[in-house]
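A closer look at the structure
Here's the letter readout for the chains.
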Amino acid sequence: MSTRTKRWNGKIDTFTPAYLKNVVEKMTDYGDRVQFALTGTGIGPNYQTINSSDKRMTFDSSNRLVHPGEGEFGVGNVSGIFTLEQIKTVLVGGVVKTSSGTRVTRSSSGATRNTTAAVKAQDLVDAAKYDYFKNNRQTLPPTIGEHSAEITGLMKKGMSAEEAFNDVVKRYF
């Protein structure tokens with residue numbers, strides 16, 4: 001089977017650095033979250049960026065703006081949602097783990113899929129936030145926990161845990 005017709009395996013770490021750099025560029029311009037179509041080429045499937053208003057823009061593997069095919073981002077044909085920070089982590093050789101991988105389980109409605117993806121994204125943000133706090137607790141202000149929701153919000157917008165904590169510390173302490 002040729003690469004052009006091979007279905008992507010759903011593992012984000014199989015993407016080339018060049019492909020991921022282009023995805024990061026589009027995410028920076030158009031939306032801080034992304035989903036990948038499970039159909040398409042194995043080298044780089046179509047993907048859609050998602051902004052804070054839940055507006056979606058679809059790009060092909062060559063990073064050109066396209067209209068999504070019917071059902072291309074439907075239930076069972078789309079990855080979970082990844083944040084800009086997660087894509088940057090994979091780009092530098094890091095691992096982004098989810099409880100069931102990047103592949104989305106089939107469900108009877110899109111709402112269930114989106115809720116599951118949102119829960120996974122929240123879990124990843126919470127884990128990164130906790131790890132940073134645990135590793136830097138001695139240097140952080142004792143009342144930093146009062147700003148936990150704000151730190152989470154900043155991370156969901158694409159900041160790393162370190163950037164979010166530093167931003168809050170700079171503004172309040």
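Refer to the structure printed above.
Worth saying up front: this structure is predicted, and the values here are computed from it rather than measured.

1. Things to note about the packing of aromatic side chains
Here the structure, examined in full by the defined rule, presents nine aromatic pairs. Measuring from centroid to centroid gives 6.0 Å for tyrosine 19 and tyrosine 47, while their planes differ by 85°, and the two rings are edge-to-face. Here tyrosine 47 lies in strand β2 (residues 47–50) and tyrosine 19 lies in helix α1 (residues 17–30), a separation of 28 residues in the sequence. Residues tyrosine 19 and tyrosine 47 agree in their burial class; the two are buried. Through a chain of ring-to-ring contacts, the aromatic side chains of Phe15, Tyr19, Tyr30, Phe36, Tyr47, Phe59 and Phe82 assemble into a single cluster.

2. Some words on the side chain of histidine 147
Among the secondary structure elements, histidine 147 is positioned in the loop between α3 (110–136) and α4 (148–156). Setting aside chain neighbours within four positions, we find histidine 147 in contact with Val168, Tyr172 and Phe173.

Cut-offs and rules
- Residue positions within a chain follow its written sequence, with the count starting from 1.
- The model is predicted, so local features are restricted to residues of pLDDT at least 70 and side-chain atom pairs to those at 80 or more, both for listing and for counting; the totals for chains, interfaces and linings are taken over all residues.
- In computing side-chain properties, one takes all heavy atoms of the structure into account and sets aside hydrogens as well as water.
- Only Phe, Tyr and Trp rings are paired, with Trp represented by its six-membered ring, and only when their centres lie within 6.5 Å; those with planes under 30 degrees apart are stacked, over 60 edge-to-face, the remainder tilted.
- Helix and strand assignments follow DSSP, with helices taken as H or I runs no shorter than four residues and strands as E runs no shorter than two, numbered in order from the N terminus.
- Exposed residues in this analysis have more than 50% of their type's maximum accessible area, buried residues have under 20%, and partly exposed residues fall in between, with area computed by a 1.4 Å probe over protein chains only.
- Note on contacts: a residue pair qualifies if any of its non-hydrogen atoms lie within 4.5 Å across the two residues.

Don't take any of this as a statement about function, it's just geometry.
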